[in-house]
Amino acid sequence: MALGADSMRCGEFHTSYRTDIRIFPTAFSRNMALLGLALLALGPLYLNAYWLSLLIQIGYFSIAALGLNILTGYSGQISLGHAAFFGVGAFTSAWLNNSFGIPVLLCIPLAGLFTTLVGLIFGLPAGRLKGMYLVIATLAAQYIIEDFFNRADWFTGGTAGTMAGSVELFGFAFDTDGRYFYVVLAFLVLTLLLVTNLMRSRDGRAFVALRDHYLSAEIMGINLNKYRILAFGISSFYAGIGGALYAHYMGYVSVEAFGLLLSVQFIGMIIIGGLGSVMGTLLGVIFMVMLPQVVTWGAGALKHLAPQLGSNVSYMQEIAVGMAIVLFLIFEPEGLIHRWKMTKAWWKLYPFSY
Amino acid sequence: MDWSLLLAFAVNGILVGALYGVVAMCFVLIYKATQILNFAQGEFLLIGAWICWATIVQFGLPFWLGFLVTLAFMFLFGVLLQMVVLRPMIGEPIISVIMLTIGLSIVFRSAMNWIFGSHVRSFPAVFDTDHVEILGLNVQMPYVLSFVLAILVVLGFFLFFKYSRMGLAMRATAFDQQVAQSLGVSVERVFALSWAISAMASALAGVVIGMVNGVSSSLAFYGIKVFPAVIVGGLDSIVGGMVGGLIVGVIENLAAFADTQYLHWGNLLEVVPFYVLIIILMVKPYGLFGTEDIERI
Amino acid sequence: MSSKLTPLLAAAAVMGLGLAGPAQAADSIPVGHLSAFTGPTSDVGVPYGNAIDDAVAYINAHGGINGKKIDMPSEDYGYEIPRSVAHYKRWQSSLKPVLIQGWGTSDTEALTPFVTKDGIVFFSASYSGHLTDPTGKAPRSKAATPYNFFVGATYSDACRAQASWAMKDWKASGKEGKPKWVHMGANHPYPNAPKEACTEWAEEIGFDVLPPIVYPLAPADFKSQCLALKDAGVNYAYLGNTAASNVSMIKSCKTVGTDVQFVTNYWGFDEPSAEAAGADGDGIVVPAMAAWTSDAPGMKTVHEVSKMSDPEGKKARALPYIRGVCSAFVMRDAMLLADKSGEVTSQSIKAALETMTEHVPAELQGVCPPVTWTPTDHRATTQVTMYRNNWNNGNPQFEMLDIE
C-alpha cells in the first residue's frame with residue numbers, strides 16, 4: 001500500500017459519516033472535476049469534428065465500460081459477452097425508434113431497461129457458475145446473441161443492419177458531432193454519478209464482498225444469487241445505454257460491430273484502466289480509443305519517412321495494438337489508475353517519494 | 001431419414017472431433033499446470049501450420065523432416081513464450097493474464113498475416129492415395145493420419161503423465177503448487193514444459209488441418225471451438241478434453257445433418273457447440289470429468 | 001520510471017500532430033482510400049487496394065488531372081465498419097475529400113447515409129444492387145444512393161448471367177430433366193446481395209432451386225455442407241463468399257466426391273485461389289473483367305500500372321487488381337471532365353459521371369466494361385464476362401467463356 005496515495009490527505013477531517021462517503025473527498029478534487037466538465041462543455045467551440053468524434057466514442061464506451069466494471073471489477077464476475085449486451089441496446093433503441101416512432105431521447109433509456117431484462121435473464125444461470133466456467137459461459141452467450149442478431153431480421157435487419165435515427169428534442173436535431181457531444185456528455189455525467197453512488201451504497205458494498213470472499217459474504221447474510229444477478233442486470237443497463245448512444249451516433253447499426261473483438265476491447269479497457277475504479281475505467285477507455293489513433297498517426301508518419309513499406313504498415317498497426325496491450329499488462333498490471341495514484345503520491349511526498 | 005448420410009456425418013464428426021480433442025487436451029494441459037485460460041491456443045495451430053508449410057514449400061524439405069522441424073520449433077516457441085511473457089505475470093489476477101493471452105493472439109495472428117500473406121495456401125500432396133472409404137464416407141488420408149496421431153497423442157500423454165518423472169512432477173504441480181515446490185519440483189520448468197508440449201501438440205493439429213483445408217488465418221478459430229469441448233469434458237481433465245472434443249465434433253455434424261435435411265436455418269452447426277456448452281453448464285457445471293470444486297470455509 | 005511519462009508524451013505528440021494536420025498542397029485533389037489489407041476479405045482486398053494505389057500513382061506520374069495531382073491517403077480499416085466511419089470522420093475535418101474509393105459491401109452501405117448527407121462521391125468495390133438507385137424509388141431499394149458508383153455489373157446481374165450460362169451448359173451437355181441450382185454463401189450482406197434476384201431468375205429459366213446453404217466467410221472444413229450438396233444431387237452451386245472460404249469449399253467437396261459445377265461471384269475466385277485449390281479447382285467459373293494474361297490492347301496499360309509498385313514487372317496480378325485499375329481510371333476520366341467544366345468538386349464529378357455513356361477509359365480498351373450512368377440509374381453495366389479456370393495440370397489458366 002503506497003504511502004500517501006490512499007491515506008488521508010492534509011486538511012481532510014471527516015466529522016460525520018456523511019462527509020466521509022462524499023463522492024469528491026476534497027474540495028480540490030470537486031473543483032477539478034467541475035473545471036474539467038466546464039472545459040469539456042466548451043469543447044465544441046474549439047475542437048474540430050475529428051476530436052469531437054473521438055470524445056463521443058470515449059463517452060459511450062465509458063458508459064458501457066462502467067457497466068462492465070461493476071460486473072467484473074466490483075463483483076468479480078468476468079464477462080466476455082459485454083459486446084452482445086452493447087449490441088442489444090443499440091438494436092433495441094433503433095428498433096423502438098423505427099417501429100414505434102418513440103422519440104430517440106426516450107428510446108435510449110428504454111433500450112437500457114430492455115437490455116437490463118436481457119442481462120437479468122443471462123444472469124440467472126450465470127449466477128450459479130464460478131470463475132473460469134463463468135468466463136466461458138459468457139463467451140458462449142456472446143456467440144449465441146450474435147447469432148440471434150444475424151437471424152432476427154425483424155429486429156436487427158439481419159446482416160444488412162438497420163438505420164438509426166438522430167436525436168431530436170422539440171424539433172432541434174442533435175445530428176452534428178458538436179450537438180451530439182452534449183447528449184453523450186449529459187448521459188456520461190449522469191452515469192458517473194449513478195455508478196459512484198452505487199459503489200458507496202449498501203448494494204455496492206455487497207458487490208465488493210461478493211468479489212472478495214463470497215463465503216463470508218453469504219455467512220453475513222448477503223444473498224449471493226440476488227446480488228450476482230443484480231450485477232448482471234445493472235451492468236447490462238449501462239451497456240444498453242452505451243449501445244443506444246452508439247447507434248444514434250453512427251446512424252447505422254450492424255451486427256458485425258458487436259463481435260468478440262469488442263468484448264475483448266471492453267475487458268481491455270477496464271483492466272488497463274484498473275479494475276474496480278471509476279476513474280480508472282475512464283482512463284482505460286481513453287487508452288483503448290486513442291491507441292489505434294496513435295498507431296495510425298505513427299503509421300502515417302512512418303509512411304512519409306519510409307514509403308517503401310507500403311501496405312505492410314497496416315500489419316504493423318495491428319501488431320502494435322496487440323503489443324501495446326501485452327506490454328502494458330506486463331509492466332503495469334494494476335492499470336493506469338495505479339500509475340495515476342503513484343504519480344499523485346510522488347508529487348505529494350516529494351522529495352521523499354520512492 | 002437418410003441413414004447412410006447420417007452415418008457419413010457421424011464419421012465426419014468423429015474425425016473432426018478427434019482434432020478438436022487434441023487441441024482441447026493442449027488447452028487443458030496449460031490450464032491444469034498454470035491456471036491460465038489460453039486464448040491464443042488457436043494461434044498455436046496457425047503458427048505450426050505456417051511453419052510446416054514454409055519448411056516444405058519455401059525451403060524444400062521433405063514432409064517428415066519439415067514436420068519434425070516444426071515440432072522442434074513449436075517446443076522452443078512454447079518455452080520462450082512462457083519464459084518471456086508469462087513468467088512476469090505469475091501472481092497477477094487471472095483476468096489480466098487472460099487479457100494478455102488475448103493480446104498475444106492478436107499479435108500472432110497479425111504477424112502470421114504479415115509474414116505469410118492472407119491467401120489460402122495448400123500443402124503439396126504428401127500421400128499417394130488421396131482417400132480411403134470408411135463406412136460410406138470418403139475420408140482423406142490426412143484425416144486418417146490425424147486420427148492415428150490423435151490416438152498416439154492421447155497415449156503419449158497418458159504414458160508421460162503416469163510413468164515419467166517429469167509427468168509426475170507436472171501432476172504434482174497441478175495438484176498443489178506449493179507442496180510440489182517444497183518437495184523440490186522446479187515449478188518454473190513445469191510451467192515452461194507444459195506450454196511447450198501444448199504448443200507442439202497444437203501445431204500437430206494445425207498441420208493436419210492445413211493439409212486438408214489449406215493454411216489460412218481461419219485456423220485460429222479452432223481456438224474458440226476448444227471452449228465448448230473443454231467445458232463438456234471438464235476444464236481440468238485431459239481425458240475430458242478429448243472426450244469433449246469428440247462429443248462436440250459429433251454434435252456439430254449431427255446438427256448440420258438436421259439443418260440441411262429439415263431445418264434449413266443455415267448455420268446451425270456454428271452455434272450449436274455454444275448451446276451445448278450452456279446446457280452442459282446448467283446440468284453439470286463442472287463438465288463430465290472435471291473435479292468438483294468443494295468449497296471449504 | 002518512464003512508464004508514467006510515456007502516456008503523457010504520447011498524448012502530447014498526438015495533440016501536436018492532430019492540431020497541426022497534414023499540409024495540403026495547393027492545387028491537389030483530395031481523395032480518400034479505404035482499403036482492407038487486413039481482415040476477413042484481405043485476400044482479395046490486398047490486390048484491389050494495391051491497384052487503386054498504383055493506378056493513382058500512375059495517373060499522377062502521367063500528368064495528373066490537367067496538371068493537378070491526386071492526394072490520396074490510403075487507410076486500412078480491416079473490414080470493420082466502426083473503423084471506416086472513424087476514418088471518414090477524420091477525413092471530413094482534415095482531408096475534405098471530394099471522392100472516396102471504398103471497398104466492401106457492409107461499410108459502403110454503412111457510410112451511404114453519411115456520404116449522401118455530406119455529398120461526397122463514393123466509388124466502391126462492392127457491386128451490390130442496393131447501391132444503384134439514386135432516387136430510392138425502385139421497389140427493392142432500401143434507400144436513395146445518389147452518390148454511390150461502382151465500375152462493374154451488379155452482383156445480381158452477374159449471378160443471373162452465371163445462371164443463364166449454367167442452363168446453357170446443361171442443355172449443351174445433353175442431360176435430361178431439370179438441373180438443380182443452389183445459392184451458397186454466408187449470412188452476410190456481401191453474399192446475400194444477389195440471393196433474391198438470382199434465385200428468382202434461376203427459377204424463371206427452368207432450374208429446380210433448392211434451399212440455400214450457408215457457409216461462413218472464413219475458410220474451414222466444409223464437409224458437412226458438401227455432404228448435403230452430394231445428397232441432394234445439386235448440379236450447379238453459386239458460391240457467394242470471397243475466395244478464401246470458396247477454396248476450402250471446393251477442396252472439401254472434391255474429397256467428399258460431389259459432382260457439382262461451381263460458379264462464383266466476382267470476388268470469389270482468382271489466380272492465387274486457383275493455385276491453392278489445385279486440381280480441385282478445375283472448371284470453376286468466375287466473372288471478371290479481364291485476366292492478367294489476356295491479350296486485350298488495354299492490358300498493356302495495366303502492366304504499366306503494375307510497374308508503379310513492381311518496377312521489374314515480375315508480379316502477375318490477380319483478377320481483383322484489374323478491377324481496381326478500371327475503377328481508378330474511370331475516376332480519373334470523370335475528374336478530367338469535371339475539371340473542364342470548372343472546378344473539381346464532388347458535385348461536378350457526380351455530374352460528369354452521370355453523363356458517361358458506354359464509356360471505357362482510353363488506355364484500357366478490352367479490359368474494362370463500358371459504363372453508363374444516369375441521374376436516375378447507377379447501374380454501370382449489365383455486361384458480364386466470365387472466365388473458367390483450366391487447371392492445365394499445374395499451370396492454371398483463365399479462359400474467357402463465350403457469353404450470349
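Draft legend 1. Molecular detail of the overall build of chain B. Broken down by element type, chain B carries eleven helices and two strands. Mapped in sequence order, the helices and strands of chain B form the string α-α-α-α-β-β-α-α-α-α-α-α-α. Relative to a compact globule of 297 residues, whose C-alpha radius of gyration would be 19 Å, chain B shows 19 Å and is just as compact. Each principal axis of the C-alpha distribution contributes one length, and for chain B these read about 60 × 50 × 35 Å. Relative to its 297 residues, chain B shows a buried fraction of 60%. Within chain B, residue pairs in contact and separated by at least 24 positions form 74% of the contacts whose partners lie at least 6 positions apart.

Draft legend 2. Inspection of the overall build of chain A at higher detail. Looking only at helices and strands, chain A features 16 helices and four strands. On C-alpha atoms alone, chain A measures out to a radius of gyration of 21 Å, which is about the 20 Å that the 2.2 N^0.38 rule sets for 354 residues. Once the C-alpha set of chain A is aligned to its principal axes, its extents read approximately 60 × 55 × 45 Å. Split into buried and exposed, the 354 residues of chain A put 54% on the buried side. Partitioning the intrachain contacts of chain A with sequence separation of at least 6 by distance along the chain shows that 76% fall at a separation of at least 24. Only carbon and sulfur atoms are counted for the fraction: they give 69% of the accessible area of chain A, which is about 15,200 Å². Positive and negative side-chain charges of chain A, numbering 19 and 16 respectively, have mean locations separated by a distance of 11 Å.

Draft legend 3. Highlighting unusual backbone geometry. Here Gln35 of chain B, not a glycine, exhibits a phi torsion of approximately 60°, which is positive. On the secondary structure map, Gln35 of chain B appears in the loop between helix 1 (3-34) and helix 2 (41-58). Gln35 of chain B gets classed as partly exposed once you look at its relative accessible area, which sits at 38%. A positive phi angle, close to 50°, is found at Asn66 of chain C, a residue other than glycine. With respect to the secondary-structure elements, Asn66 of chain C resides in the loop between helix 2 (42-61) and strand 2 (69-71).

Draft legend 4. Summary view of the domain arrangement of chain A. All names here are of chain A. With domains assigned, chain A is organised as domain 1 (47-258) and domain 2 (261-354). Look at where the C-alpha atoms of domain 1 and domain 2 centre, and you get two points 23 Å apart. For the domain 1 and domain 2 pair, buried surface summed over both sides reaches about 2,000 Å², with 78% attributable to carbon and sulfur atoms. When residues of domain 1 are sorted by the area they lose upon contact with domain 2, Ile58, Phe61 and Asn69 head the list and together hold 24% of the total. At the surface where domain 1 touches domain 2, the tally comes to eight residue pairs in polar contact (both at pLDDT 80 or more). Here the residues of the side of domain 1 that touches domain 2 are counted per class, giving 18 nonpolar, ten polar and no charged.

Draft legend 5. Expanded view of the interface of chain A and chain B. Taken residue by residue, the interface counts 39 residues in chain A and 45 residues in chain B. Of the roughly 4,000 Å² buried between chain A and chain B on both sides combined, carbon and sulfur atoms contribute 80%. Applying the counting rule to chain A against chain B returns zero salt bridges. Counting across the chain A and chain B interface gives one residue pair in polar contact (both at pLDDT 80 or more). Listing elements by their share of the side of chain A that touches chain B, those giving two or more residues are helix 7 (131-151), helix 11 (214-219), helix 13 (260-273) and helix 15 (312-331) of chain A. Its residues assigned to classes, the side of chain A that touches chain B comprises 30 nonpolar, four polar and five charged.

Draft legend 6. Structural detail: helix 14 (residues 278-305) of chain A. Residue and element names in this part refer to chain A. When the terminal C-alpha atoms of helix 14 are compared, their 40 Å separation across 28 residues agrees well with the 40 Å that a helix rising 1.5 Å per residue should span. For helix 14, the principal kink sits at Met290 and spans about 35°; a proline, Pro292, occurs within the next four residues. Looking at where helix 14 begins, the residue whose side-chain oxygen comes 2.9 Å from the main-chain nitrogen of Gly280 is Ser277.

Draft legend 7. Seen up close, the nonpolar core. Membership of the largest hydrophobic core comes to 328 residues, with the highest contact counts inside it found for Trp181, Phe262 and Met335 of chain C. Here this core spans two domains, since at least three of its residues come from each of domain 1 (47-258) and domain 2 (261-354) of chain A. Beyond its immediate chain neighbours, meaning those up to four positions away, Met335 of chain C contacts Ile29, Val31, Ile65, Ile70, Val98, Leu99, Val344 and Ile349 of chain C.

Draft legend 8. Region of the structure containing the packing of helix 13 of chain A against helix 14 of chain A. Residues and elements named next belong to chain A. One way to put it is that helix 13 packs onto helix 14 with a least axis distance of 7 Å and a crossing angle of 125°. By the criterion of interaxial angle, the relationship of helix 13 to helix 14 is oblique. Seen along the crossing, helix 13 lies across helix 14 with a hand that is right-handed. Across the interface between the two elements, Gln265, Gly268, Met269, Ile270, Ile272 and Gly273 of helix 13 pack against Gly280, Thr281, Gly284, Val285, Phe287 and Met288 of helix 14. Grouping the amino acids of the contact of helix 13 with helix 14 by side-chain chemistry returns six nonpolar, six polar and no charged.

Draft legend 9. The arrangement of the packing of aromatic side chains in detail. If you walk through the whole model with that rule in mind, you get 58 aromatic pairs over all chains. Look at Phe63 of chain B and Phe67 of chain B: their rings are 5.8 Å apart centre to centre, the planes differ by 20°, and that puts the pair in the stacked class. Note that Phe63 of chain B and Phe67 of chain B are positioned in helix 3 (residues 63-86) at a spacing of four residues, about one turn of the helix. On the basis of relative accessibility, which here comes to 10%, the residue Phe67 of chain B falls in the buried class. Relative to Trp373 of chain C, the ring of Phe149 of chain C lies with its centre 5.3 Å away and its plane at 90°, an arrangement referred to as edge-to-face. On the criterion of sequence distance, the pair formed by Phe149 of chain C in strand 6 (residues 148-149) and Trp373 of chain C in the loop between helix 13 (346-353) and strand 13 (386-390) is long-range, its members being 224 residues apart. The two residues Phe149 of chain C and Trp373 of chain C agree in class, both being buried. Between the NZ or CZ atom of Lys350 of chain C and the centre of the ring of Tyr147 of chain C, over which it lies, the distance is 5.4 Å.

Draft legend 10. Inspection of the pattern of salt bridges at higher detail. All names here are of chain C. As enumerated under the stated definition, the model contains 13 salt bridges over all chains in all. Here Asp54 and Arg317 are joined by a salt bridge, their closest N and O atoms 3.5 Å apart. On the criterion of sequence distance, the pair formed by Asp54 in helix 2 and Arg317 in the loop between helix 11 (299-306) and helix 12 (319-340) is long-range, its members being 263 residues apart. The exposure classification of Asp54 matches that of Arg317, with both residues buried. Across the pair Arg160 and Asp157 runs a salt bridge, and its minimum N-O distance is 2.6 Å. In this pair, Arg160 and Asp157 both sit in helix 5 (residues 155-172), three residues apart, roughly one turn of the helix. Since its relative accessible area comes to 26%, Arg160 is described here as partly exposed.

Reading the values: rules and limits
Residues numbered from 1 in each chain as written. Chains lettered and ligands numbered in written order. Predicted model: local features only at pLDDT ≥ 70, side-chain atom pairs only at ≥ 80, totals over all residues. Heavy atoms only, no water. Helix = DSSP H or I, 4+ residues; strand = E, 2+ residues; numbered from the N terminus. Rg over C-alpha atoms; globule rule 2.2 N^0.38 Å. Buried < 20%, exposed > 50% of the residue type's maximum accessible area, 1.4 Å probe, protein only. Contact = heavy atoms within 4.5 Å. Areas by Shrake-Rupley, 256 points an atom, 1.4 Å probe, with all protein chains shown as cover. Lys, Arg positive; Asp, Glu negative; His and termini not counted. Charge placed at Lys NZ, Arg CZ, Asp CG, Glu CD. Domains from an automatic or database assignment. Buried area = accessible area lost by both parts, 1.4 Å probe. Polar contact = N/O pair within 3.5 Å; in protein donor to acceptor, adjacent residues only side chain to side chain. Nonpolar A, V, L, I, M, F, W, Y, C, P; charged D, E, K, R; others polar. Salt bridge = Lys/Arg side-chain N within 4 Å of Asp/Glu carboxyl O. Expected span 1.5 Å × (residues − 1). Bend = angle between axes of the 7 residues up to and from the residue. Core = buried A, V, L, I, M, F, W, Y, C linked by side-chain atoms within 4.5 Å. Axes fitted to C-alpha atoms, helices over the stretch in contact; angles between N-to-C directions. Parallel < 35°, antiparallel > 145°, perpendicular 65-115°, else oblique. Left-handed = near helix turned anticlockwise from the far one by under 90°. Phe/Tyr/Trp six-rings, centres within 6.5 Å; stacked < 30°, edge-to-face > 60°. Lys NZ or Arg CZ within 6 Å of the ring centre and 35° of its normal.

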